[in-house]
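# Residue-level structure breakdown
Each chain, written out:
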Amino acid sequence: EPFFHIRAVLHEGRSELLTVTSVDTVAAHGGLRDHAATLDAAARACDAVTRLFETADPHPEVFRLLANELGLLHADPAQARTGNGLAFRLKLLLAAGIVPQLAACVLCGETDHLVGFSGAGGGVVCSSCEAASFPLEEAAYAFLVGALGSPLAQAPEGSERTLRQVERAIGETAEHHAHVRLRPLLAA
């Protein structure tokens, strides 16, 4: 079933195919299917993981992050908000090693007057280097910093304008550095 957290025991035979010898349900997350918003949020979280981590290599930290997100959405349908989804994606970028640079301008190192975001550059830019960036308001910058520094259950929220800027920053970072296009969380 979609969104079930299971524990499977597999047997490796002579071929590349594995034989399932037992399966236990760890968490069914049945509540995810009770609300359209939680079902959509869970599907988008799984989709983002699949797009950013499409290799067969194990990523236990990503698995734990996804399991945490699904558990939050199951326990509290109010978590199916855009702020939570964006915080989850930002933490995925961190796990992928492509988290945006937020402490200083990615082009010159300036730590003040950070007014833009460059997806190609990989982070925030100052007023002197903003030519190849899009405007990033202080609230969006604060969201990015707050989302990285907070647990998913305490993901920040913001105005629609703020969330659009954050989604653009995350999307451009994923596109430029992982060559992945994430499905939008906000309607166009």
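Going by the structure above, here's the rest.
First things first, this report covers the structure right here in the doc. These figures come from a predicted structure and were not determined experimentally.

### A closer look at the sheet that holds strand β5 (residues 134-135)
- Strand order in this open sheet of three strands is β4-β3-β5, and the pairing throughout is antiparallel. At either end of the open sheet lies a strand with only one pairing partner, and these are β4 (123-126) and β5.

### A word on the pairing of strand β2 (residues 18-27)
- Pairing analysis gives eight bridges linking strand β1 (residues 5-12) to β2, with the strands arranged antiparallel. Note that in β2 the partner of H5 across the bridge is A27.
- Linking β1 to β2, which pair antiparallel, is a turn of five residues.

### Topic: helix α4 (residues 138-149)
- Over its twelve residues, α4 extends 16 Å from the first C-alpha to the last, a length consistent with the 16 Å expected when each residue adds 1.5 Å.
- For α4, the set of buried residues is A140, F143, L144 and A147. Axial view of α4: buried residues confined to an arc of 95°, hence all on one face. In α4, those exposed residues whose orientation departs by more than 90 degrees from the buried face are E138 and G149.
- Close packing links the buried residues of α4 with α3 (82-96) and α5 (160-178).

What counts, and where the lines are drawn
Residues numbered from 1 in each chain as written. Predicted model: local features only at pLDDT ≥ 70, side-chain atom pairs only at ≥ 80, totals over all residues. Heavy atoms only, no water. Pairing = 2+ DSSP bridges. Helix = DSSP H or I, 4+ residues; strand = E, 2+ residues; numbered from the N terminus. Expected span 1.5 Å × (residues − 1). Buried < 20%, exposed > 50% of the residue type's maximum accessible area, 1.4 Å probe, protein only. Arc of directions from axis to C-beta. Contact = heavy atoms within 4.5 Å.

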